[in-house]
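Results of the structural survey
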Amino acid sequence: SRPIRPPVIQPRRAAGGTTQTIIVNPCQRGNPVLDAIKNVPWEYGQIVPDYQVGATTAVLFLSLRYHRLHPEYVHTRIGKLENRFQLRVLLMMCDVSEHEEPIRELTKVCLINNLTIMVAWTPEEAGLYLSTYKLFEHKPPDRIKERVDKDYSSLLRAALTSIRGVNKTDVTTLSSNVGSVREIADASVETLLACPGFGEVKSRRVSEAFQRPFRNAGKSAGARRGETPVLPPQTEEPALGRQGEGRKQRAPSPEWDDLDLDL
Amino acid sequence: MTTLLPFQKHIIEEVHSPLSSDLLILARGLGLRKLLCTLLKIYDAPSSLVLLVGASPEEEAGIGEELGVMGVRRPGLRTVDYEMGRAERRELYKQGGLISVTSRILVVDLLQKDIPVDVITGMVIMHAEKVSATSTESFIVRLYRESNQAGFLKAFSDDPEHFTYGFSPLRAVMKELRVQSVRLYPRFHEIVQESLSRRMADVVEVYQPLSESMVEIHRCIVECMEATLGEIKRSHSTLDLDDLNVENAYFKNFDYVIRKQLDTVWHRVGPRTNQLVKDLAELRRLLKFLLSYPPITFLKYLESIIASNTVTESGAARQHQSPWLYMDAASNMLTAARARCYVMQRKASDKAFAAVARHAGGEEDEWDVLDEWEGLQGRERKGPKWLPEGMTPVYEELPKWDLLRKILQEIEETIVQNPYPPNAPGTNLVLVMVHDNKTCALLREYLTSLNASGTVDPDRPPGARMLDAHLRDYIFWKGRGLRHTMQAKGEMAKSLSGGGSLKRVAPGAEEAKKDGEGEVSEALLKKDKLRERAMQQRRRMRGGKVPEPVGRSLLRGGAAAEEVKMEEEAVELNSFIETTHASPPPLTLNTMSEEDVIELVDRIDSESFDQDFGIVPDEQIVLIRPYGDDSDDMLLSELQPRWIVMYEPDQSFIRRVEVYRSSHPGLAVRVYFMVYELTSEDYMYLAQQRREKDAFAKLIEERGSMLNPILEAPTRAGSGDLIKTISSRIAGGGKVVNSEPTRIIVDMREFRSSLPSLLHAVNIQIIPATLTVGDYVLTPDICVERKSVPDLVQSFNSGRLYTQCELMSVHYKQPILLIEFEQDKSFSLQTISETRAPVKSAKPNQPVEFNASDTSTIQSKLVLLTLAFPRLRIIWSSSPFATAKIFPDLKMNHPEPDPLRAVQIGAEEGVATMVEGGWNTQAEDLLRCFPGITSKNVRYVMGKVGSVRDLCELSREEMESLLGTEGGKQCYAFVNRGTRKATRQAA
């Protein structure tokens, strides 16, 4: 029922890929994804993949529902792609509820054929991926690299909230009650306990994060350097024993396990 | 050591047999630790090897101590932790006896065959309620049962409530533990009832009403909670949230319940719902703090919340501020909280401002307060020097303090009036039990300050001295600490927006910065400005115009608007500190300064030494202790007190007292039981009892109708179908049969996730190792970095993922990013739109997230990542179970990985590879957030300095040589900014 576009005859510019448009394979006509491509113009053109979103980037589109009916389709498309393109994306539309099995199978296929899978759940999301690929074609990856240009307050927040159980109120509490990072690092558990909102667990965690050594010094020194995991079973030199000392009290270990609920 | 009660003896007889495996669920407070220790004592022998799994460090220490008392000393219970090397552990296991091991170490040891599995006599598992299909404990049990069918397994739990979540929870736990029988001992069990009801406890229940201001605050908090809860329900009309009500919200596990409800969509709920759920937790904390914190600390906490609520972590103006802060109730709460601490008296010119403040707050009876100020104005100011002019302290005590004082007095009188015969069991010591160390310290402070004051001034309540100290601390905190923090935020707002919606914080901070530290006139000027602004605010409100976006939060009133007032006060207080050169009060709870101590020591002479430091008679000892779970049994039987005051209700402690009474015949115990009337505390205590009872009823029912699981011995991993590398498709298949078992190398840190356990379950040999690059190595070419969805978001934000992918690309041919969703959660990345009407696809009202140029969505970041690393493959896995199916698939037809090589890859020269996995991950994560620290130099830094504290103490030069000039400078500035010591010298 949607208006049928007049066929657009394109000069073969696809090979150059210098345009600002996404080039779409005519076989994609009628795909609702096309309507969802926003912010970027697109046009039909004779290309091997379904969408060409950059000079070296190609996208194959596969709806899992279609794949269920025609499992061989994707293989022929991949075969036609040969070795062209640097980044080859299989844009997979997850529109079935039994997705586990096909995804497993396609993961393997894509690994062998050098394709990267991207999963979208709605046509809008798929369209978003396509237009983002085009828009970001020449964008440097600075956005996702480690950054340093931040102001003090958000740095402090990020640092302290990396400790489990510390929230933004606690950050304010710490910096207003204790002072600089250096002073927080120096603060004893008792000092931390005196801050409102700090119970034993939280105080201990904060002081452990700052004050416990990075690794169990003394035992980890060079002697262990050569030791690597060995396949069981193996023989080992007799250990020098410190046993027979009996039960010894130890300081609580830092939090190693964060499987439980953390809000 | 006291003898066991009849029901305890009965339980031991039931479960002690080393031939059977059992699960025992006991009501809290019935002496689980004692049972455990008795059992361990029975099992202790040099020829046996019994492992204790799942005990926390505190419990390990407690059990070890109790075993020592019971005579199990040589060698007693030994603990294995991260400080112990691999060879050392192996030797320890060989020796046998009782050994307590952290589960993550035990898994690694079992996998590396460091522990002789087939000779393990038995395993004792604590906290059995936490065992689930994906937990480390079930992995341990599987590995144990794989090669040891004869050993016993005893699992214990004293948390029946935990068994009420989910579908047939009891059976699930029993299946994972491979246990056939379960024993339940609720408090209403016949044998327990019989043993304990022979001597009823002498309990005095004291119900303390709240003070008026506390009732007001309590009401406000509950109102805010209701509103927040309503908001959540409204925005998730599709979810079944009917059973969420404020009564449930009192409980800590409410977070769990609500997460459970939202769990299927949790990673997709928008920041707004996320904020609302966090708000609920915050409000619940406030309820608790209202009852336990002294008024000034409570006010301090409240103000911290408000101060930290305006800006997000990234520094931008918050889009989703906590809605409750805008409610009138929040504003009333703050007013009431402040009125409990001090009254600010204003000069005549300030009245207009006060009126505005009143208007903004919408507080009716503030007129009365204002009148009070007028009355006070006439009086001569006679406060101490540290008190700013116009500030009058209000001495409001927590009602329980006075109650405690009276009870202690009563006990003292009773002891004098009817003394016990000297040979009667028990001591006259008074034991006061509270919830946490903090209350403990507070009560100690209160009681000591009482004694010191001597005579009671009618104007000042007994605790006035302590409250004075608190107020003094508060003044300094607000004038210095809080102002400093807010100032930093203002700067940030300025740099980011150059005005805009945050301007209301910025100007004050700007100016304060300009004039540096001081110039009272400047501060006054600023105050005028603030007042002007407040006036404007009032005018606008009167006019009833449509609010402009700029001043939105100002206009909306509520506690958020109070921020301006708070800031003003802070500036005022700061100028006061400047003028008086007040020194900061000591930060510790103990108000005694060093000079005091020296003076005290000087005063002591030899005659009075005995009087001051000799043994104090029992009657004079008041011991204040926090509830310590099972170690309380020990405390009671060692101290043998006759007088116990329960400052806060605790169900399990009452049972402990029952047990204590029953096991000490002839001992008269009186328990005072204090509860705030009609509060969350009261409600929670009753509800807790009911919940435990219900939980047991449900458990008994499930046990009755349960089909016993059939247990088969697990097959040894990697031993199954060996012929994996031969494909039948290849005609002839004429290749050499690869007899190597299928194996995957797993990073040590990954053992906190459930994937290694599940991989092992599908017959793959797991080899633990410390990997520098990647998390899983499948083949010599394939390396996988696993990210759960929250991890993914976080490591995109920190930039860590980029570095990890970079490393993988350098060292492996096939770098793979595994995006793992969770079982039972929705398999999607899209944010759920939070509008009430369901959004039809391809309609104009698309959610805002669908803006392609927006770089903040996770989708666009993934695009950037794949563009940057075209070789990177992505596995989309809907659950760890799915991953466990995908991995063997990818390994097919590929050679097995070499652990030695995997470990060496990426490992820097000179950095020891730690096989026994002893990194302090928490400290590492913290360190990574410091400026100047990158993924590349983090390991180097960790090798050079001992701890984060050591790093903080470096001088600028040292830091620059460690991190490079630029990084060092940044790090130094970050660490030392706002140091108190410097400001102290300046003052």
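Nothing here was measured: the structure is a model prediction, and the numbers come from that model.

1. Brief notes about helix α2 (residues 32–43) of chain B
The periodicity of an α-helix, 3.6 residues per turn, causes residues three or four positions apart to be oriented the same way. Taking 1.5 Å of rise per residue, the twelve residues of α2(B) would be expected to cover 16 Å, and the 17 Å separating its terminal C-alpha atoms lies within 8% of that figure. For α2(B), the set of buried residues is L32(B), R33(B), K34(B), L35(B), L36(B), C37(B), T38(B), L39(B), L40(B) and Y43(B).

2. Digging into the domain arrangement of chain A
Under the domain assignment, chain A is made up of domain 1 (22–139) and domain 2 (152–211). Taking the mean C-alpha position of each, domain 1 of chain A and domain 2 of chain A sit 48 Å from one another.

3. Section: the UniProt feature "domain: ERCC4" (unreviewed entry) in chain B
The sites that carry the UniProt feature "domain: ERCC4" (unreviewed entry) are, in the present numbering, residues 743–823 of chain B. Across residues 743–823 of chain B, the secondary structure splits into 36% helix and 32% strand, with the terminal C-alpha atoms separated by 24 Å.

4. Things to note about the packing of helix α13 (residues 295–307) of chain B against helix α14 (residues 328–339) of chain B
Residue and element names in this part refer to chain B. Two numbers describe how α13 lies on α14: the axes approach to 9 Å, and their chain directions differ by 145°. When you trace α13 past α14, the crossing you get is left-handed. Contacts from F298, L299, L302, E303 and I306 in α13 reach M333, L334, A337 and R338 in α14. Across the contact of α13 with α14, the residue classes tally to seven nonpolar, no polar and two charged.

5. A word on the nonpolar core
Counting residues in each nonpolar core, the largest one holds 98 residues, and the members touching the most others are L23(B), L51(B), L177(B) and F887(B). Here this core spans two domains, since at least three of its residues come from each of domain 1 (6–198) and domain 3 (743–828 + 859–904) of chain B. Leave out the neighbours within four places in its chain, and L23(B) touches A128(B), A155(B), L170(B), V173(B), M174(B), L177(B), V179(B), S181(B), V182(B) and R183(B). Judged by nonpolar contacts, the second largest core, of 74 residues, contains L81(A), I117(A), V119(A) and V863(B).

6. Some words on the UniProt feature "domain: ERCC1-like central" (unreviewed entry) in chain A
In the numbering used here, UniProt assigns the "domain: ERCC1-like central" (unreviewed entry) feature to residues 21–134 of chain A. Within residues 21–134 of chain A, the helical portion is 35% and the strand portion 24%, while the C-alpha atoms at the span's ends are 8 Å from each other.

7. Let's talk about the sheet that holds strand β19 (residues 814–820) of chain B
Read from one edge of the open sheet, six strands run β16-β15-β17-β18-β19-β20 (chain B), paired in mixed fashion. Since the sheet does not close on itself, it has two edges, and those belong to β16 (765–769) and β20 (873–877) of chain B, each with one partner. Across five bridges, the pairing between strand β15 (residues 743–747) of chain B and β16(B) is parallel. Bridging from a neighbouring strand, R743(B) pairs with Q765(B) of β16(B). The strands that helix α3 (residues 100–112) of chain A touches are β18 (782–788), β19 and β20 of chain B; relative to β20(B), the one it contacts most, it runs at about 175°. Packing against the sheet, helix α33 (residues 880–891) of chain B makes contact with β15, β17 (776–777), β18, β19 and β20 of chain B, and its axis sits at approximately 140° to β20(B).

8. Some points on the environment of L98(B)
With respect to the secondary-structure elements, L98(B) resides in strand β4 (residues 97–101). Residues L98(B) and L40(B) lie 58 residues apart in sequence; the distance between their C-alpha atoms is 7.5 Å.

9. Comments concerning the pattern of salt bridges
Per the stated rule, a full pass over the model turns up 34 salt bridges over all chains. Residue R204(A) is joined to E208(A) by a salt bridge in which the shortest nitrogen-to-oxygen separation is 3.9 Å. With a gap of four residues between them, R204(A) and E208(A) both fall in helix α9 (residues 200–211), about one helical turn apart. Classification of E208(A) by relative accessible area gives buried; the value is 8%. Overlapping salt bridges, with partners in common, bring together E14(B), D22(B), K154(B) and R183(B) in one network.

Parameters and conventions
- Residues numbered from 1 in each chain as written.
- Chains lettered and ligands numbered in written order.
- Predicted model: local features only at pLDDT ≥ 70, side-chain atom pairs only at ≥ 80, totals over all residues.
- Heavy atoms only, no water.
- Helix = DSSP H or I, 4+ residues; strand = E, 2+ residues; numbered from the N terminus.
- Expected span 1.5 Å × (residues − 1).
- Buried < 20%, exposed > 50% of the residue type's maximum accessible area, 1.4 Å probe, protein only.
- Domains from an automatic or database assignment.
- UniProt positions renumbered as here; feature names shortened; annotations may be inferred.
- Axes fitted to C-alpha atoms, helices over the stretch in contact; angles between N-to-C directions.
- Left-handed = near helix turned anticlockwise from the far one by under 90°.
- Contact = heavy atoms within 4.5 Å.
- Nonpolar A, V, L, I, M, F, W, Y, C, P; charged D, E, K, R; others polar.
- Core = buried A, V, L, I, M, F, W, Y, C linked by side-chain atoms within 4.5 Å.
- Pairing = 2+ DSSP bridges.
- Salt bridge = Lys/Arg side-chain N within 4 Å of Asp/Glu carboxyl O.

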